[in-house]
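The lines below spell out each chain.
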Amino acid sequence: MAATGPSLFVASTLVTSMAGNSGRNRCLSSFRAMAVSADQKSSPATVSTRSTENGRWLEEKNRKGRKEEEELTSNIYSNPQEITDEKGKTLREYFQECKDLMIQSKAGPPRWFTPLECGSHAPDSPLLLFLPGIDGMGLGLFKHHHKLGKIFEIWCLHIPVSDKTSFTDLVKLVERTVRSKYKRSPDRPIYIVGESLGACIALDVAARNPDVDLVLILANPATSFSRSQLQSLIPVLQVMPDQLSLYLPYMLNLVSGDPLRMAFENAAKGLMPHQIVGELTQDLVAMSSYLSVLADMLPRETLLWKLQMLKSASSSANSHLHAVKNQALLLCSGKDQLFPSEEEAQRLYHMLPKCEKRVFEESGHFLFLEDGFDLVTAIKGASFYRHGKYLDYVSDYIPPTPYEFKKIYESNGWVLAVTSPVMLSTLEDGKVVRGLAGIPSEGPVLYVGYHMLLGFELAPLVLQFLMERNILLRGIAHPMMFTRAKEGRMLDLGSFDTYRLMGAVPVSGSNFYKLLSSKSHVLLYPGGVREALHRKGEEYKLFWPEQSEFVRMASRFGAKIVPFGVVGEDDVGELVFDYNDQMQIPSLRTFIKELTEEVVHLRIDASGEVSNQDVYLPGVVPKLPGRFYYYFGKPIETKERKEELRNRERAHEVYLHVKTEVEKCIAYLKEKREEDPYRNLMTRLVYQAMHGFKAPVPTFEL
C-alpha cells in the first residue's frame, strides 16, 4: 500500500563517520539524500551528508582533481597504449552498497537520492532521473555515476523493499518531479533513464506530459513482459513457501551472466590464465557471499508484488505508446535472459516516431552493470546530449575522454598498422617536414582536401592529429550519418557513432559558421559523395563545384586554409565493380535509386558531375597493402584579406588557388612515393621485425 503522508529521507540515518567501525556503513558515505514521499508535491531537497568542514575539503579536493585531470587530458592522446583503463566498480561493491542501502531504508515511501560520487556538474547541466528495474534499489548506474555526474545533475529513485506503491503512484511521483523541474527550467531537457520496469514508468510519464521536453533512454524495457518467461513465475510464486532456496540459483545466474563469457572477456583483455581464474573466482565468491542480499532484495512476497506490477506496467505503457512523441534511445541486449529485448526494441523502434536503437549483442539483461558498457559513450555517440530544446552539434559537443579515444584507436589499430601512414606538412618558410609541425596551432583552421574512395583516409588522419598535435578535427559530414528512414536500406546510424563521437557534424551553413566562430579545426571535402564514391579510373581526380563554397565564410573569421592531398587508395584495393557497372543491372539500378532517395539531397542546384550524388556500394578487391601518404600544403591566410574576399570574384580566385594546391599535393605524393623503399607492406614488416614493431618506419627523402 502506498504511503499517504509526506516523508523526508533523512541523510543522517544513511551516513556514519568514515572512522566508524561499522563495515556495513562504509559505502553509504557516497550518497547524498534527496527524498520525497510518493505524495510530496515539492521538489526534492538536498541534504548534506558531511559537516561543513568536510564539505569544503571535498569541494577543494574535487576542484584540484578536475584541474589535474584537465592538465592530464591536454596531452594524454599522444600514447593511446599507455592510457589506463577506466576502473569501474566491482560486483562485490554493488552488492555491498545494495546491502547498506537496504539496512538503512527498510521502510518508507519511494524517494530520490543523488550519489555523492557524481561530483560537481556544470550549472546548465540537464537533469537525469534514473528509474530502476525490478530490484528498486536505484543503484543500477553505480558504474557510471562518476562520468554521468560531469555532464548531468543526477537523481536516482529508490524504492524500499517493503514498499508497495503501485505502478500508477510511481508514475505520479516521477511526473510531479518532472513538472516541478520543468517549471523551473522550461528550456532545458530532462533525461529519464529507465531500466525494464523504469522504462515503462518513463513511457507513461512521457505520454502524460507531451509539453515537457523529455529525453528517454530505455534499457531492455519491460513492455515485452507478456512474452517473457517471468510471467510464468507468478503462479509458481503464489504457491511457493517463503524460503527461496529453489529460486535463488536462478536469480544468481540471471545477475551474474554466463561465467564462460566472462572468462572469454577477461582473456580478451590480455589476462593470463591464472589471472582469469582468479578474477572469475572473485566474482563467483562475491556472488555466493551475497546470496542473502539477493534474498533480502527480492523476498517471495516482494518478488510476487514486483512481477504483478511488471504485468500492469507493461500493459499501461503499451496502451500509451501512441502518445509518446519524445526523443528516445533504446538500448537492448542480445543475450537478455529475462525479456526478448532485441525483438522488443525493433517493435518500439517502429512505433516511437523519434526513436533510435543500439543493440549490444553479447550483453545480458542488466546492461548497466556490465564492464563493457559505457552509458555516457552511448549517449554521446548517438548525439543525444544537449542543453537546450534543440541539439547544437557545436556547443553541445563533448570531446572523447582519453579512454574513449583509446577504444577508438584500438578498433582502428589495424588500419594504422597496415597502412603505416606518412604525414608531411609545410612550415611557414615553405620547408616540407615529416609530421604535423607545419599545422597551425590556433584556430580557426579549415583543412580542404581530396576524399579517397569510401573515406579510407579518415581514421589515420583524425587519430594522428589528436596524438601528435592534440588537435580535434571537426569533420563536415553527409547528413546520412545523422538521419535515417526507419524503413530504409541505409546502414543503422549506430554504424556512424564513432564519427559523431569524434566530432563530425552534418553539413550545413549554420554548422560551418558555428565551427569557425568557435575557432575549431574544420575538415572539409568539397568533392563530397561524388568524390568518395568515384568510378574506375577516377582515382585522385577532384570533383569540386564550379562556384566557390567556403572561401568567403573562412575569410569572415580570418581562418587559415590548409590544402592537402592524400594518396594510397590504389595500393590497398582495386575498384572492380563501380557505379557504371551496377547501373547496367536492373535490380541494382533500382536499389541505388531507392538508396539515394532515402538520403538528404545536397547540391541540387549544382551542375556537372558534382551534382550526381547517387549513393552506392563500390565493389573493391583488396590488395597486399601499400602505404597512405598525406601532404599538407602551406596555410593560406585570409585574416588580412577579409574586405577583399567579400568580393565574389576575389573569393573565387582563392577557391581555384586552393583547388590547384590540393592537386599539387596529390601529384607530389604520387611522384615521391615511388622513391619510398618501405611502400610495400612486406618491407615494412621486415623493418619492424628488426627495429621493433613500435618503431616508426622511414619513408622517402624530403
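Residues numbered from 1 in each chain as written. Predicted model: local features only at pLDDT ≥ 70, side-chain atom pairs only at ≥ 80, totals over all residues. Heavy atoms only, no water.

Student: Just to check I follow, could you spell out the overall build of the protein chain for this structure?
Tutor: For the protein chain, the helix and strand inventory stands at 24 helices and 19 strands. Residues counted as buried form 54% of the 702 residues belonging to the protein chain. In the structure as shown, the protein chain presents an accessible area of about 31800 Å², 54% of it carried by carbon and sulfur atoms. (Helix = DSSP H or I, 4+ residues; strand = E, 2+ residues; numbered from the N terminus. Buried < 20%, exposed > 50% of the residue type's maximum accessible area, 1.4 Å probe, protein only. Areas by Shrake-Rupley, 256 points an atom, 1.4 Å probe, with all protein chains shown as cover.)

Student: Would you mind showing me how to read helix α24 (residues 681-691) here?
Tutor: Every α-helix winds through 3.6 residues per turn, so residues three or four apart in the chain are directed the same way. Every buried residue of α24 is accounted for by Leu681, Arg684, Tyr687 and Gln688. Considered in projection along α24, the buried side chains sweep an arc of 125° and stay on one side of the axis. Relative to its buried face, α24 has exposed residues pointing more than 90 degrees away, namely Ala689 and Met690. For α24, the secondary structure elements touched by its buried residues are α15 (413-419). (Arc of directions from axis to C-beta. Contact = heavy atoms within 4.5 Å.)

Student: Please clarify how the nonpolar core should be interpreted in this entry.
Tutor: Nonpolar side chains in soluble globular proteins generally cluster together in the buried interior. Among the nonpolar cores identified, the biggest contains 94 residues, and Leu216 and Leu375 are the most heavily contacted of them. Those residues in contact with Leu216 that sit more than four places away from it in its chain are Ile192, Ala202, Leu203, Ala206, Val324, Asn326, Gln327, Ala328 and Leu329. Counting residues in hydrophobic clusters, the runner-up holds 56 residues, among them Ile476, Val551, Phe564 and Leu645. (Core = buried A, V, L, I, M, F, W, Y, C linked by side-chain atoms within 4.5 Å.)

Student: Honestly, the packing of helix α14 (residues 402-411) against helix α16 (residues 458-469) in this entry has me stumped. Any pointers?
Tutor: Angle between the axes and distance between the axes: these two values describe a pair of packed helices. Direction vectors running N to C along α14 and α16 enclose 135°, while the axes themselves pass 11 Å from each other. When the axes of α14 and α16 are compared, the pair comes out oblique. Helix-helix and strand crossings are classified by hand; for α14 and α16 the assignment is left-handed. Of the residues in α16, those in contact with Phe405, Ile408 and Tyr409 of α14 are Leu463, Leu466 and Met467. Broken down by class, the residue content of the contact of α14 with α16 amounts to six nonpolar, no polar and no charged. (Axes fitted to C-alpha atoms, helices over the stretch in contact; angles between N-to-C directions. Parallel < 35°, antiparallel > 145°, perpendicular 65-115°, else oblique. Left-handed = near helix turned anticlockwise from the far one by under 90°. Nonpolar A, V, L, I, M, F, W, Y, C, P; charged D, E, K, R; others polar.)

Student: Help me understand the packing of aromatic side chains, please; the structure alone is not making it clear to me.
Tutor: Each aromatic ring pair is specified by the distance between its two centres and by the angle formed by the two planes. For the structure on display, the rule yields 24 aromatic pairs. When the centroid spacing of 5.0 Å and the interplanar angle of 80° are considered together, the rings of Tyr77 and Phe405 count as edge-to-face. With Tyr77 in the loop between α1 (52-73) and α2 (91-104) and Phe405 in helix α14, the pair connects residues that are 328 residues apart, well separated along the chain. Centroid distance Tyr450 to Tyr540: 5.7 Å. Interplanar angle 55°. Geometry classified as tilted. (Phe/Tyr/Trp six-rings, centres within 6.5 Å; stacked < 30°, edge-to-face > 60°.)

Student: Would you explain a nonpolar patch on the surface in this entry?
Tutor: A grouping of Val576, Phe577, Ile585 and Val621 is seen on the molecular surface, where their side chains present a nonpolar patch of about 270 Å² in accessible area. Relative to the assigned elements, Val621 resides in strand β18 (residues 619-622). (Patch = residues over 30% accessible without salt bridge, like charges linked within 9 Å, V, L, I, M, F, W, Y side chains within 5 Å. Salt bridge = Lys/Arg side-chain N within 4 Å of Asp/Glu carboxyl O.)

Student: So what exactly am I meant to see when it comes to the environment of Glu361 here?
Tutor: Note on placement: Glu361 falls in the loop between β9 (354-360) and α13 (375-381). C-alpha separation for the pair Glu361 and Cys332, spaced 29 residues apart in sequence, amounts to 8.3 Å. In contact with Glu361, other than residues within four places in its own chain, are Gly334, Lys335 and Glu342.

Student: So what exactly am I meant to see when it comes to helix α22 (residues 586-598) here?
Tutor: Taking 1.5 Å per residue, 13 residues should reach 18 Å; α22 reaches 19 Å between its end C-alpha atoms and fits that length. Every buried residue of α22 is listed here: Ile592, Leu595 and Thr596. The arc that holds every buried residue of α22, seen down its axis, measures 95°, which confines them to one face. Exposed side of α22, more than 90 degrees from the buried face: Pro586, Ser587, Lys593 and Glu597 are the residues found there. Where the residues of α22 are buried, they touch α21 (579-582). (Expected span 1.5 Å × (residues − 1).)

Student: Explain the pattern of salt bridges to me, please; I cannot follow it from the model alone.
Tutor: Oppositely charged side chains are able to pair whenever their charged atoms sit close together. The final tally for this structure, using the stated rule, is 31 salt bridges. With a closest N to O distance of 3.8 Å, Asp492 and Arg484 form a salt bridge.

Student: Before we go on, may I ask you to explain unusual backbone geometry in this structure?
Tutor: Most peptide bonds are trans, and most residues other than glycine sit at a negative phi. Here the bond from Gly443 into Pro444 is cis, since omega is 5°, no more than 30 degrees from zero. In this fold, Pro444 is placed in the loop between β11 (432-434) and β12 (445-449). You will see that Asn220, though not glycine, has its phi angle at about 45°, which is positive. For Asn220, the location among the structural elements is in the loop between β7 (214-219) and α6 (233-239). A residue is classified by how much of its surface remains accessible, and Asn220, at 1% relative accessible area, is buried. In this structure, Leu454 is a non-glycine residue whose phi angle is positive, near 60°. Examined against the element boundaries, Leu454 turns out to sit in the loop between β12 and α16. Accessibility expressed as a relative area gives 39% for Leu454, which makes it partly exposed.

Student: Please clarify how the sheet that holds strand β14 (residues 505-506) should be interpreted in this entry.
Tutor: To summarise the sheet geometry, strands pair through backbone hydrogen bonds and adopt either a parallel or an antiparallel arrangement. Judged by pairing direction, the sheet is mixed, and its eight strands sit side by side in the order β11-β10-β19-β16-β12-β15-β13-β14 without closing on themselves. Of all strands in the sheet, those bounded by a partner on one side alone are β11 and β14. In the sheet, strand β13 (residues 473-477) pairs with β14 via two bridges, with the strands oriented parallel. Bridged to Ile476 within β14 is Val505. The strands touched by helix α23 (residues 648-672) within the sheet are β10 (422-426), β11, β12, β16 (560-567) and β19 (629-632), with β16 carrying the most contacts at an inclination of about 35°. (Pairing = 2+ DSSP bridges.)

Student: What's the story with the confidence of the model for the protein chain in this structure? I'm lost.
Tutor: As a general rule, the predicted coordinates of low-pLDDT regions are not to be interpreted in detail. Across the protein chain, the average pLDDT comes to 83, with 80% of residues at or above 70. Note that residues 1-61 has pLDDT below 50 and, in this model, 119 contacts with residues that lie over four places away or in other chains. For residues 64-73, every residue scores under 50 in pLDDT, and the model assigns this stretch four contacts once sequence neighbours within four places are set aside. (pLDDT = per-residue confidence, 0-100.)

Student: Looking at this structure, I do not really get a negative patch on the surface. What am I missing?
Tutor: Side chains of Glu428, Asp429, Glu637 and Glu640 sit close together on the surface and give a patch of like negative charge. Mapped onto the secondary structure, Asp429 falls in the loop between β10 and β11. Exposure remark for Asp429: the relative accessible area of 62% places this residue in the exposed category. (Lys, Arg positive; Asp, Glu negative; His and termini not counted. Charge placed at Lys NZ, Arg CZ, Asp CG, Glu CD.)

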